[in-house]
Amino acid sequence: MEQEKKVPSKLSKAGDGQVMLPSTMSASSLEAMENVSMQWESLAAYCRHHGGSHVISRILIANNGIAAVKCIRSLRRWTYAELGVEHAITFVCMATPDDIQANAEFVQLADEIVQVPGGPNSNNYANVDLVVDLAERKGVDAVWAGWGHASENPQLPLRLSKARRKIAFLGPGSKAMHDLGDKVGSS
């Protein structure tokens, strides 16, 4: 049986019992959350309620720059709105030595960093063998490749589906990619 990850509430109460909002949340958002999000005791409970069977609590971000930043920020906003906690999902980000040295924004936002070789993207973000290996070694539940790099390679979702443990690909399936054409491989 899959272990449920408890999701603590990040909302704090002021001395008079009023709920303190994060600076980016409006009162109307809180009112909507009171009716929806506070009922979920865990990601597994949320997943079961919505008919899911694969809890995603760790995601490998196989991209860099603004793509990685947008993914992390969007999913944190979603988990806050749905679950009442911003950090319900752990983001494991691939980062080259240059990304790390520059202290890139996505590096700062990541929960975990795994250093990958620098140089052309065939050494790192577009390297399907590397992405699948890291996904398995880091124990992630899903891989998000964003756009460009390995995201358009039909081998990535295919290889993840054949991994030793179930790893979801957050994107189109390999058949859809194959049918549309492998833009990365053709260039």
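Scroll up to find the structure this text is about.
The structure displayed is predicted, hence computed values, not measured ones. (Residues numbered from 1 in each chain as written. Predicted model: local features only at pLDDT ≥ 70, side-chain atom pairs only at ≥ 80, totals over all residues. Heavy atoms only, no water.)

Q: Explanation requested: the nonpolar core in the structure shown.
A: Across soluble globular proteins, you tend to see nonpolar side chains buried next to one another. In terms of nonpolar packing, the biggest core is built from 39 residues, with Leu60, Ile61, Met94, Phe106, Val143, Leu156 and Leu160 touching the most fellow members. For this core, the elements supplying multiple residues, two or more each, are β3 (58–61), α3 (65–83), β4 (90–95), α5 (105–109), α6 (128–137), β6 (142–144) and α7 (155–161). In terms of residue count, α6 provides more of this core than any other element does, six residues in total. Setting aside its immediate chain neighbours within four residues, Leu156 contacts Val128, Val131, Val132, Ala145, Ala150 and Phe169. Counting residues in hydrophobic clusters, the runner-up holds nine residues, among them Leu43, Ala44, Cys47 and Ala88. (Core = buried A, V, L, I, M, F, W, Y, C linked by side-chain atoms within 4.5 Å. Buried < 20%, exposed > 50% of the residue type's maximum accessible area, 1.4 Å probe, protein only. Helix = DSSP H or I, 4+ residues; strand = E, 2+ residues; numbered from the N terminus. Contact = heavy atoms within 4.5 Å.)

Q: Even after reading the chapter, I still don't get the sheet that holds strand β7 (residues 168–169), so can you show me in this structure?
A: Each strand in a sheet pairs with its neighbour through backbone hydrogen bonds, running either in the same direction (parallel) or in the opposite one (antiparallel). An order of β5-β4-β3-β6-β7 is seen for the five strands of this open sheet, with the pairing classed as parallel. In the strand order of this sheet, the two ends are held by β5 (112–115) and β7, each with one partner. By the bridge criterion, four bridges tie β3 to β4 in an arrangement that is parallel. Paired with Ile59 across the two strands is Phe91, which belongs to β4. (Pairing = 2+ DSSP bridges.)

Q: What is the right way to look at α3 in this model?
A: Taking 1.5 Å as the rise per residue, α3 with 19 residues should run 27 Å; its terminal C-alpha atoms sit 27 Å apart, in good agreement. Among the residues trailing α3, Gly84 stands out with phi positive, at a value near 80°. (Expected span 1.5 Å × (residues − 1).)

Q: Help me understand the layout of surface pockets, please; the structure alone is not making it clear to me.
A: In this approach the atoms are scanned with a rolling probe the size of a water molecule, which exposes any empty space left behind. When its volume is computed, the second largest pocket comes out at roughly 200 Å³. If you trace the second largest pocket, you find it lined by Leu43, Tyr46, Cys47, Gly52, His54, Val55, Ile56, Ile59, Leu75, Trp78, Ile89 and Leu170. Listed by contribution, the elements that provide at least two residues to the lining of the second largest pocket are α2 (43–49) and α3. The element that contributes the greatest number of residues to the lining of the second largest pocket is α2, accounting for three residues. Residue composition of the lining of the second largest pocket, grouped by class: ten nonpolar, two polar and no charged. (1 Å grid on protein atoms, 1.4 Å probe; cavity = no way out; pocket = protein on both sides within 12 Å on 5 of 7 lines; lining within 4 Å. Points joined across faces, edges and corners; volume = space filled by probe spheres on them. Nonpolar A, V, L, I, M, F, W, Y, C, P; charged D, E, K, R; others polar.)

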